[in-house]
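Report on the structure
One letter stands for each residue in the lines below.
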Amino acid sequence: TTFEVRNALDSGLADGSFDVVWSLEMAEHIPDRPRFLSEINRMLNKKYGRLALVTWCRKNGMLDFDEEIALNYISEWYNLPRWVSMERWASLAPDAGFKPPTPLDWSENIRPLQFWGDILKTSLEPKNIIGLLAIGDKGVKAGAAAALMGYGFYKDFIVFGAMRLDVSESN
């Protein structure tokens, strides 16, 4: 088995190299989402290629003012691009050469409040507080962003989205 670090927007891998690509909790870090999906599609087998996409998303529809502010802080403190919904990801799929997918909300399955609560609790242990303070401003902001992630799940404006994207036959 070989592991390589590649650019998700321009991997340099051969066309049709893979039957399946699994993208787990990284797509939220990609600012150019259409290009990302097109690059994955290019690498997939054109008969039965499939992308499994699992990512942190915002809820679909309008956000309240406090929800928008919380997401903006998380983006700034975690260095993330603007948040999009799973429905937005799904709307980008056909132009990238995929069949229209059905987005799913997996939030209930991963117990995000427990997950982010555990992260926050761990970050508040004395040895970790010292570590966060030693890192400086970025460490403190990362801890605060974890708290906002938990708040986002509690208020249902952050979701853990998943969908299967199959290569379109016309591709």
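One can find the structure itself at the top, above this paragraph.
Residues numbered from 1 in each chain as written. Predicted model: local features only at pLDDT ≥ 70, side-chain atom pairs only at ≥ 80, totals over all residues. Heavy atoms only, no water.

What follows covers the environment of Phe98. Relative to the helices and strands, Phe98 is located in the loop between helix H3 (86–92) and strand E3 (104–105). By relative accessible area, which is 2% here, Phe98 ends up buried. Discounting residues that sit within four places of it in the chain, Phe98 has contacts with Leu37, Ile40, Asn41, Leu44, Leu51, Ala93, Leu165, Asp166, Val167 and Ser168. (Helix = DSSP H or I, 4+ residues; strand = E, 2+ residues; numbered from the N terminus. Buried < 20%, exposed > 50% of the residue type's maximum accessible area, 1.4 Å probe, protein only. Contact = heavy atoms within 4.5 Å.)

Attention shifts here to the sheet that holds strand E2 (residues 50–58). Taken together, the four strands give an open sheet; going across it, the order is E1-E2-E4-E3, and neighbouring strands pair in mixed fashion. Across the chains shown, the open sheet's two edge strands, defined by having one partner strand only, are strand E1 (20–24) and E3. Of the strand pairs in this sheet, E3 and strand E4 (residues 158–166) are connected by two bridges, and their pairing is antiparallel. Bridging from a neighbouring strand, Asp105 pairs with Gly161 of E4. Most of the contacts of helix H1 (residues 33–43) go to E2, to which it runs at about 160°, and overall it touches E1, E2 and E4. Taken strand by strand, helix H7 (residues 137–154) contacts E2 and E4, and its axis lies near 75° from that of E4. (Pairing = 2+ DSSP bridges. Axes fitted to C-alpha atoms, helices over the stretch in contact; angles between N-to-C directions.)

Moving on, we come to unusual backbone geometry. Although it is not a glycine, Glu25 adopts a positive phi angle of roughly 50°. Along the chain, the position of Glu25 falls in the loop between E1 and H1. The phi angle at Asp156 is positive, at roughly 65°, despite the residue not being glycine. As for its position among the elements, Asp156 is in the loop between H7 and E4.

If you look at the biggest cluster of nonpolar residues, it comprises 24 residues, and the most contacted ones within it are Phe36, Leu37, Leu51, Leu53, Trp89 and Phe98. Mapped onto this core, the elements with two or more residues apiece are H1, E2, H3 and E4. Ranked by size, the runner-up nonpolar core spans 17 residues in total, among them Leu63, Leu71, Ala146 and Met149. (Core = buried A, V, L, I, M, F, W, Y, C linked by side-chain atoms within 4.5 Å.)

Glancing now at the packing of helix H6 (residues 126–135) against H7. Contact pair H6 / H7: the axes reach a minimum separation of 4 Å and the direction vectors enclose 125°. The angle between the axes of H6 and H7 places the two elements in the oblique class. The residues of H7 that touch H6, namely those facing Leu132, Leu133 and Ile135, are Asp137, Lys138, Gly139 and Val140. A per-class count over the contact of H6 with H7 returns four nonpolar, one polar and two charged. (Parallel < 35°, antiparallel > 145°, perpendicular 65-115°, else oblique. Nonpolar A, V, L, I, M, F, W, Y, C, P; charged D, E, K, R; others polar.)

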